[in-house]
Amino acid sequence: SMRGAVAFVTSTATDIVGAILNPQKLRKWMDTLTQFNSYLTATGIGEELDEAILKPLWRGRLFDNLKILNDIQELQDNWDQRLSHLSTEAIQKEKLEEELFMGHRMMRFATAAYGAEMVRSALDQGATSEELNTVDKSIAFHTQIDPEKDIVYVNVGDGGDMTTLRYFIAIDHQTKQVVMAIRGTLSISGALVDMQAMDTEFCNGGRAHQGMAEMAHQLWTHCGPKIQKLFVDEKET
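Residues numbered from 1 in each chain as written. Predicted model: local features only at pLDDT ≥ 70, side-chain atom pairs only at ≥ 80, totals over all residues. Heavy atoms only, no water.

**Q** Mind showing me how you'd approach the overall build of the protein chain here?
**A** For the protein chain, the helix and strand inventory stands at nine helices and five strands. Put simply, the protein chain runs from its N terminus to its C terminus through helices and strands in the order α-α-α-α-α-α-α-β-β-β-α-β-β-α. Taking all 237 residues of the protein chain together, the buried fraction comes to 29%. Long-range pairs, those at least 24 residues apart, make up 50% of the contacts in the protein chain between residues at least 6 apart in sequence. (Helix = DSSP H or I, 4+ residues; strand = E, 2+ residues; numbered from the N terminus. Buried < 20%, exposed > 50% of the residue type's maximum accessible area, 1.4 Å probe, protein only. Contact = heavy atoms within 4.5 Å.)

Given below as structure tokens:
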């Protein structure tokens, strides 16, 4: 939606200004771009992107290709919907309704992590300025929790940080869960993290996307003690 696009442009502009004023951040950007370019060259993906995107763009056929891909995806989606309809008939209604409720509820928490403009552009387009005039209020309004009692911690800056993602921690009494909602990509810094696609060691012998693994580690370092303390406090009460 238009509000979501405005939020993205604002976040990107703030991110660029932050990089210009912060040489360390700008250097991190350049290092990431250099690594990404080396990765594209070494894997041959760069040549594939050139064939799939750049050459069709110069020849004026890119949007025709995208239209074909969209049509194919719509056909696949329609087929998936038919299969889903057939499979859900065999699922107990109560279980299905419970899963839909949980999915819908968690999506509200996920959307709230993006900020008030994203909340307005999602399901709460009729929300008033008073209901969304602070970060805590917009989170509480969209997730239907108490802004004073249920929101434990909020870390939502301008989104231009390549070390710690925007997130918040809350208690959801409806589902009896502690929820940590993490914002995805909505800035250049976030996109550069996505571009760090080389694999790295993760979780005792596993492998993961380098950028996301580093973000997960930084995020847990930042919020892990808060979550652990929260579980202890809730258990005592």
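From this point, the discussion proceeds with the structure in view.
**Q** Hey, could you run me through the environment of arginine 120 in this one?
**A** Inspection of the secondary structure assignment puts arginine 120 in helix α6 (residues 116–121). Arginine 120 sits in the buried class, given a relative accessible area of 13%. When the C-alpha atoms of arginine 120 and serine 138 are compared, they prove to be 9.1 Å apart, with 18 residues separating the residues in sequence.

**Q** Would you take a moment to explain the pattern of salt bridges for this structure?
**A** In the structure shown here, the tally under the stated rule is three salt bridges. Notably, a salt bridge pairs aspartate 172 with arginine 105, separated by 2.8 Å at the nearest N-O pair. Of the two residues, aspartate 172 sits in strand β2 (residues 167–172) while arginine 105 sits in helix α5 (residues 93–112), which places them 67 residues apart along the sequence. Taking relative accessible area as the criterion, aspartate 172 reaches 1% and is therefore assigned buried. Taking the relative accessible area as the measure of exposure, arginine 105 reaches 4% and is therefore buried. Ionic pairing is found between arginine 207 and aspartate 199, a salt bridge with its closest N-O pair at 3.1 Å. (Salt bridge = Lys/Arg side-chain N within 4 Å of Asp/Glu carboxyl O.)

**Q** When you look at helix α2 (residues 23–43) in this model, what are you seeing that I'm missing?
**A** In an α-helix, one turn spans 3.6 residues, which is why side chains three or four residues apart end up on the same side. Under the 1.5 Å per step criterion, the end-to-end length of α2 is 30 Å for 21 residues, consistent within 8% with the ideal 30 Å. Turning to α2, its buried residues are Lys25, Trp29, Thr32 and Leu40. Take α2 and look down its axis: the buried residues cluster within an arc of 75°, on one side only. In α2, the exposed positions that point more than 90 degrees away from the buried face belong to Pro23, Gln24, Thr41 and Ala42. Among the residues trailing α2, glycine 44 stands out with phi positive, at a value near 85°. (Expected span 1.5 Å × (residues − 1). Arc of directions from axis to C-beta.)

**Q** What am I meant to see in the sheet that holds strand β1 (residues 151–155) here?
**A** A sheet is described by the order of its strands in space; here three strands give the open sequence β1-β2-β3, paired in antiparallel fashion. One side of each edge strand has no neighbouring strand; the edge strands of this open sheet are β1 and β3 (177–182). Within this sheet the neighbouring strands show an average axis-to-axis angle of 15°, counted without direction. Pairing geometry for β2 and β3, over six bridges, is antiparallel. Bridged to isoleucine 169 within β3 is methionine 180. (Pairing = 2+ DSSP bridges. Axes fitted to C-alpha atoms, helices over the stretch in contact; angles between N-to-C directions.)

**Q** Is there a simple way to explain helix α7 (residues 135–143) in this structure?
**A** Buried residues of α7: Ser138, Ile139, Ala140, His142 and Thr143, and no others. Positive phi shows up at glutamine 144, right after α7, with a value of about 60°.

**Q** Can you help me understand the nonpolar core in this one?
**A** Grouped together as the largest cluster of nonpolar side chains are eleven residues: Phe109, Ala112, Ala113, Ile139, Ala140, Ile145, Ile151, Phe168, Ala170, Val179 and Ala181. When contributions to this core are tallied by element, the ones reaching two or more residues are α5, α7, β2 and β3. The residues touching alanine 112, leaving out its near neighbours within four places in the chain, are Val119, Ile139, His142, Thr143 and Phe168. Counting residues in hydrophobic clusters, the runner-up holds seven residues, among them Tyr167, Ile171, Leu219 and Leu230. (Core = buried A, V, L, I, M, F, W, Y, C linked by side-chain atoms within 4.5 Å.)

**Q** What should I look at first to understand the pairing of strand β4 (residues 199–202) in this one?
**A** Here four bridges tie β4 to strand β5 (residues 206–209), and the two strands are oriented antiparallel to one another. Bridging from a neighbouring strand, threonine 200 pairs with alanine 208 of β5. In this antiparallel pair of consecutive strands, β4 and β5, the connection spans three residues, and cysteine 203 shows a positive phi of 55°.

**Q** What should I look at first to understand unusual backbone geometry in this one?
**A** The general pattern is negative phi for most residues beyond glycine and trans for most peptide bonds. Residues other than glycine seldom take positive phi values, yet glutamine 144 does so here, at roughly 60°. Mapped onto the fold, glutamine 144 is located in the loop between α7 and β1. Positive phi outside glycine occurs at cysteine 203, with the angle close to 55°. Relative to the assigned elements, cysteine 203 resides in the loop between β4 and β5. Look at cysteine 203 and you get exposed, because its relative accessible area is 59%.

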